[in-house]
Amino acid sequence: MKRVHVRIDGRVQGVWFRGWTVDEATARGLHGWVRNVHDGSVEAVFAGDDARVDEMVQLCHQGPPAAQVSRVDAAETEEPVASGFHQAASV
């Protein structure tokens, strides 16, 4: 199982990015979470099949229709994740 921590910058809050991420990650059978960050970015952890995690990271470069993504940083992580994919509290 691959685990990746992703940070997405740009116009990504107030454009349904978190809800879109939950839908897309769930459709791919991934585990993890997504949340808003106080600096205006969004961060997420995706865990699951290598190819599906990679696909989800690539999708984050586009995001939902109203998003304007300027940067995506992704790094493998050992952070434990619960089963399923959910929206976490903002930080």
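One can find the structure itself at the top, above this paragraph.
Here, residues in each chain are numbered from 1, in the same order as that chain's written sequence. Confidence filtering applies because this is a predicted model: local features only for residues at pLDDT of at least 70, side-chain atom pairs given and counted only at 80 or more, and all residues used for totals across whole chains, interfaces and linings. In computing side-chain values, all of the structure's heavy atoms are included and hydrogens and water are not.

Participant: Please explain the overall build of the chain as it appears in this structure.
Facilitator: Tallying secondary structure elements over the chain gives 2 helices and 5 strands in all. Each helix and strand of the chain, placed in order from N terminus to C terminus, yields the pattern β-α-β-β-α-β-β. Over its C-alpha trace the chain gives a radius of gyration of 12 Å, about what one expects of a compact globule, namely 12 Å for 91 residues. On the principal axes, the C-alpha backbone points of the chain span a range of 30 × 25 × 20 Å. Every helix listed is a DSSP run of H or I at least four residues long, and every strand listed is a run of E at least two residues long, numbered separately from the N terminus. Using C-alpha atoms as the atom set, the radius of gyration is obtained and then compared with a globule rule of 2.2 Å times the number of residues to the power 0.38.

Participant: What am I meant to see in the packing of helix α1 (residues 17-27) against helix α2 (residues 50-60) here?
Facilitator: When two helices pack together, their arrangement is captured by the angle between the axes and the distance separating the axes. For the pair α1 and α2, interaxial distance at closest approach is 11 Å and the crossing angle is 155°. When the interaxial angle is binned, α1 and α2 end up roughly antiparallel. Note that α1 runs across α2; the crossing there is right-handed. Taking contact as the criterion, the partners of Phe17, Trp20, Thr21, Glu24 and Ala25 in α1 are, on α2, Met56, Leu59 and Cys60. Axes here mean lines fitted to C-alpha atoms, for a helix over just the part in contact, with angles spanning 0 to 180 degrees between N-to-C directions. Angular relationships are summarised with four words: roughly parallel below 35 degrees, roughly antiparallel beyond 145, roughly perpendicular across 65 to 115, and oblique for the angles in between. Should the near helix be turned counterclockwise from the far one by less than a right angle, the crossing is left-handed, whereas a clockwise turn marks it as right-handed. Contacts are assigned to residue pairs that have any heavy atoms within 4.5 Å of one another.

Participant: So what exactly am I meant to see when it comes to the packing of aromatic side chains here?
Facilitator: By convention here, two paired aromatic rings are described through the distance between centres and the angle between planes. Note on aromatic contacts: the rings of Phe and Tyr and the six-membered ring of Trp form a pair at centre separations within 6.5 Å, being stacked when their planes are under 30 degrees apart, edge-to-face when over 60 apart, and tilted otherwise. What the rule picks out here adds up to 2 aromatic pairs. Between Phe46 and Phe85, the ring centres sit 5.6 Å apart and the planes meet at 15°, which makes this aromatic pair stacked. With Phe46 in strand β3 (residues 42-48) and Phe85 in strand β5 (residues 85-87), this residue pair connects regions lying 39 residues apart in the sequence. Considered together, Phe46 and Phe85 belong to a single accessibility category, that of buried residues. Residue exposure (1.4 Å probe, protein chains only): buried if accessible area is under 20% of the type maximum, exposed if over 50%, otherwise partly exposed.

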